[in-house]
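# Structure at a glance
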Amino acid sequence: LDLRGLRVLAACLTEEGAQQLRGQMSDRLETVILDVTKTESISAAAQWVKERVGDRGLWGLVNNAGVSVPTAPNEWLTKHDFMKIL
């Protein structure tokens, strides 16, 4: 999207990942650190986005974040394991 000239607000799990992404893209790309497993991180990232888009809102959203650990046959997993993944 950045290469097509669109403004991009990108969430990254780590600062290292954010720096790497910023180094490969244009000044239209801004990053925020986001851990989708932590409510506080989600709230902070949502506020960060609101501050940047204002009344214009978002044109689109691409989500590739997720948690897939632990992985094992269902019989080996606990309720807590399923809750962590979901």
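These lines cover the structure that appears in this document, whether it is placed above or below. (Residues numbered from 1 in each chain as written. Predicted model: local features only at pLDDT ≥ 70, side-chain atom pairs only at ≥ 80, totals over all residues. Heavy atoms only, no water.)

This part covers the pairing of strand β1 (residues 8-12). Here β1 shows a clear split, with Val 8, Ala 10 and Cys 12 buried on one side and none of Leu 9 and Ala 11 buried on the other. Bridge analysis of β1 against strand β2 (residues 29-33) gives five bridges, and the strand direction is parallel. Looking across to β2, one finds that Ala 10 is bridged to Thr 31. Chirality of the crossover, the property in question, places the unit of β1, helix α1 (residues 15-24) and β2 among those that are right-handed. (Buried < 20%, exposed > 50% of the residue type's maximum accessible area, 1.4 Å probe, protein only. Helix = DSSP H or I, 4+ residues; strand = E, 2+ residues; numbered from the N terminus. Pairing = 2+ DSSP bridges. Right-handed = clockwise from strand over helix to strand, strands pointing away.)

A few words on the side chain of Asp 81. With respect to the element layout, Asp 81 can be found in helix α3 (residues 79-85). Residue classification places Asp 81 among the buried positions, given a relative accessible area of 18%. A distance of 2.8 Å separates a polar side-chain atom of Asp 81 from the backbone nitrogen of Thr 78. In this structure, Asp 81 is in contact with Pro 70 and Trp 76, ignoring residues within four places of it in sequence. (Polar contact = N/O pair within 3.5 Å; in protein donor to acceptor, adjacent residues only side chain to side chain. Contact = heavy atoms within 4.5 Å.)

As a further point, take the pattern of salt bridges. Side-chain pairing between opposite charges can occur once the charged atoms of the two side chains come close. If you walk through the whole model with that rule in mind, you get six salt bridges. Between Glu 30 and Arg 7 there is a salt bridge, and its shortest N-O distance comes to 3.0 Å. Of this pair, Glu 30 sits in strand β2 while Arg 7 sits in the segment before β1, and the two are 23 residues apart along the sequence. Arg 7 gets classed as partly exposed once you look at its relative accessible area, which sits at 41%. Two residues, Lys 38 and Asp 35, come together in a salt bridge whose shortest N-O distance is 3.3 Å. Looking at Lys 38, the relative accessible area reads 41%, which means it is partly exposed. (Salt bridge = Lys/Arg side-chain N within 4 Å of Asp/Glu carboxyl O.)

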